[in-house]
Amino acid sequence: MFGRLGTGRILSLMPTWQCTAACDACGTHSSPAVRTRLSTSDMQAAIRQAAEAGYEAVGFTGGEATLAGRVLLELIELSKSLGLATRLVTNGHWARGPDRARTKIDDFVSAGLDEINFSTGDQHVRFVPLQRVLDGMYASLARGLRVALMVEITDRRRVTAESIREMPGYVALSRRFPDSPISIYESPWMPLSPKEVAPYPDGLTVNARNVAQRSGCDSILTTTTVQADGSITACCGLGMQDIPELRIGDIRVTPLSQADRAASEDFLKRWIRVEGPERILAWAATHDPDIEWENMYAHRCQACLRLYQDPAVRRTIRDHHQEKAADVAFAEWLLYHYAGADPAGPD
Ligand code: SF4
Ligand code: SF4
């Protein structure tokens, strides 16, 4: 769901699955009606354990993490006091005008927030006007926060990175803060079933021509998520609630380091880390030509759902994964020892 603050390990913490919005196909099945929340003591425990385990950062996400109110500020303070960098992922609903936006951002910055990521797109603007995101970004830049904006990609969408850059509010803030570039990312909006094929702009879906360019998943074994129901997950991807195998513990009974260790011993997770689900799917199809995959998936997490949910793909992985052992080991060596990534998983 978000990029990396640095090269180290990240705790993704979901204080609640509740959200002010109810986007179709929300990866966490969030909406205003969802009430699941994690207790403050469990969240504090997760942050302390992350610091002890040498994590670099905490990302607060959800649902809508700001619904945790004062507790969120206390958790940001705790994270900073333990030397962890902090990031908030939000839909920006709270930025109801420049003054409200400024007050909220002042609170976040005073608590120790380092970075804020706003999410928007055709789904999000059904619930949160883009102007609020712009007011939130303006207030954030004024207080020196690093700002990123994530925009959904769907077929025939109205909201694009380009259309946002042309908005008078965006032009004004980029002129006012010329030395504070905003990172804008666009990411495909995906169905939560691997069987549903969504329409996308040309060139976005994976197929035999472009699959070699797909990279490994930089979330699995790097970002550990503690969800609002207490479950610990081995990534922060959109498939995590629908892939039981990504659940690696429960923060109320499983130490974070123990969950991470167990995840790092799972060959498929390591394979996904270095090659990504799309290349594994393409490999599976070389063993079983009935596995159709081309031009079906634009988002890697939808391809990942397919890996775990399709019996034919699972069977192929179970029966033939041994042949990939050497490739995965070599790719890990390149990643962790040559390229210098954090050996979050494999020793
Ligand atoms: S704003 Fe984000 S968390 Fe909330 S419903 Fe939409 S996609 Fe889900
Ligand atoms: S590709 Fe799979 S492992 Fe990676 S973030 Fe998505 S659901 Fe998680």
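Residues numbered from 1 in each chain as written. Chains lettered and ligands numbered in written order. Predicted model: local features only at pLDDT ≥ 70, side-chain atom pairs only at ≥ 80, totals over all residues. Heavy atoms only, no water.

Our next topic: the nonpolar core. In terms of nonpolar packing, the biggest core is built from 98 residues, with Phe60 and Met137 touching the most fellow members. Taken together, domain 1 (10-266) and domain 2 (269-338) each give at least three residues to this core, which thus spans both. Here phenylalanine 60 is in contact with Leu13, Ile47, Ala65, Leu72, Leu75, Ile76, Ser79, Thr86, Arg87, Leu88 and Val89, once residues within four sequence places are set aside. (Core = buried A, V, L, I, M, F, W, Y, C linked by side-chain atoms within 4.5 Å. Buried < 20%, exposed > 50% of the residue type's maximum accessible area, 1.4 Å probe, protein only. Domains from an automatic or database assignment. Contact = heavy atoms within 4.5 Å.)

This part covers helix H4 (residues 130-142). Taking 1.5 Å per residue as the helical rise, H4 with its 13 residues ought to reach 18 Å, and the 18 Å between its terminal C-alpha atoms agrees with that figure. Buried residues dominate H4, accounting for ten of its 13 residues. Taken together, the buried positions of H4 are occupied by Leu130, Arg132, Val133, Leu134, Asp135, Gly136, Met137, Ala139, Ser140 and Leu141. Taken together, the buried residues of H4 touch helix H3 (98-111), strand E4 (115-120), strand E5 (146-153), helix H5 (161-165) and helix H6 (168-176). Positioned one or two residues after H4, glycine 144 has a phi angle of 80°, which is positive. (Helix = DSSP H or I, 4+ residues; strand = E, 2+ residues; numbered from the N terminus. Expected span 1.5 Å × (residues − 1).)

The domain boundaries assigned to the protein delineate domain 1 (10-266) and domain 2 (269-338). The straight-line distance from the C-alpha centre of domain 1 to that of domain 2 is 26 Å. With 37 residues of domain 1 in contact, the opposing surface of domain 2 contributes 26 residues. Summing both partners gives a buried area of about 3000 Å² for domain 1 against domain 2, and 60% of it is carried by carbon and sulfur. Contact with domain 2 buries area across many residues of domain 1, yet Pro194, Val206 and Arg214 alone supply 19% of it, more than any other trio. Inspection of the domain 1/domain 2 interface yields four salt bridges. Two residues, arginine 300 and aspartate 218, come together in a salt bridge whose shortest N-O distance is 3.2 Å. At the level of elements, strand E6 (183-188) and helix H7 (256-264) are the ones that each hand at least two residues to the side of domain 1 that touches domain 2. Residue classes in the side of domain 1 that touches domain 2 are distributed as 20 nonpolar, eleven polar and six charged. (Buried area = accessible area lost by both parts, 1.4 Å probe. Salt bridge = Lys/Arg side-chain N within 4 Å of Asp/Glu carboxyl O. Nonpolar A, V, L, I, M, F, W, Y, C, P; charged D, E, K, R; others polar.)

Within the structure, ligand 2 sits among Cys217, Ser219, Ile220, Cys235, Gly237, Gly239, Leu246, Pro277, Arg300, Cys301 and Cys304. Considering every element that reaches the shell around ligand 2, the biggest residue donor is helix H10 (residues 300-309), with three residues. When its residues are assigned to classes, the shell around ligand 2 shows seven nonpolar, three polar and one charged. Three or more residues apiece are contributed to the shell around ligand 2 by two domains, here domain 1 (10-266) and domain 2 (269-338). (Near = heavy atom within 4 Å.)

Glancing now at the sheet that holds strand E7 (residues 223-226). Paired through their backbone hydrogen bonds, the strands of a sheet run either parallel or antiparallel. Strand order in this open sheet of nine strands is E6-E5-E4-E3-E2-E1-E7-E8-E9, and the pairing throughout is mixed. Looking at the sheet topology across the chains shown, the edges are occupied by E6 and strand E9 (247-250). Here the strands of the sheet are splayed against their neighbours by 20° on average, with no regard to which way each runs. Two elements, strand E8 (residues 231-233) and E9, share three bridges in a ladder whose sense is antiparallel. Counterpart to isoleucine 232 in the pairing with E9 is glycine 249. Packing against the sheet, H4 makes contact with E4 and E5, and its axis sits at approximately 170° to E4. (Pairing = 2+ DSSP bridges. Axes fitted to C-alpha atoms, helices over the stretch in contact; angles between N-to-C directions.)

It is worth spelling out the packing of aromatic side chains at this point. Tallied over the full model, the rule gives six aromatic pairs. When the ring of tyrosine 138 is compared with that of phenylalanine 177, the centres are 5.1 Å apart and the planes differ by 70°; the resulting orientation is edge-to-face. Taken as a pair, tyrosine 138 in helix H4 and phenylalanine 177 in the loop between H6 and E6 lie far apart in primary sequence, 39 residues in all. Given the relative accessible area of 11%, phenylalanine 177 is considered buried. Look at tryptophan 271 and tryptophan 283: their rings are 4.9 Å apart centre to centre, the planes differ by 75°, and that puts the pair in the edge-to-face class. Within this pair, whereas tryptophan 271 is found in helix H8 (residues 267-275), its partner tryptophan 283 is found in helix H9 (residues 277-287), the two being separated by twelve residues in sequence. An aromatic cluster is defined as three or more aromatic residues linked by ring pairs; in this entry it consists of Trp94, Phe108 and Phe118. (Phe/Tyr/Trp six-rings, centres within 6.5 Å; stacked < 30°, edge-to-face > 60°.)

Okay, the packing of H10 against helix H11 (residues 311-320) next. Here H10 crosses H11 at 75°, and the two axes come no closer than 5 Å. Viewed along their axes, H10 and H11 adopt a mutual orientation that is roughly perpendicular. Residues Arg306, Leu307, Tyr308 and Gln309 of H10 pack against Pro311, Val313, Arg314 and Ile317 of H11. Tallied by class, residues from the contact of H10 with H11 come to five nonpolar, one polar and two charged. (Parallel < 35°, antiparallel > 145°, perpendicular 65-115°, else oblique.)

This part covers the packing of H3 against H4. Between H3 and H4, the least distance of the axes is 8 Å, while the angle of their chain directions is 45°. Considered as vectors, H3 and H4 are oriented oblique to each other. Helix-helix and strand crossings are classified by hand; for H3 and H4 the assignment is right-handed. In this structure, H3 uses Pro98, Ala101, Arg102 and Ile105 to contact H4, whose residues at the interface are Asp135, Gly136, Ala139 and Ser140. Its residues assigned to classes, the contact of H3 with H4 comprises four nonpolar, two polar and two charged. (Left-handed = near helix turned anticlockwise from the far one by under 90°.)

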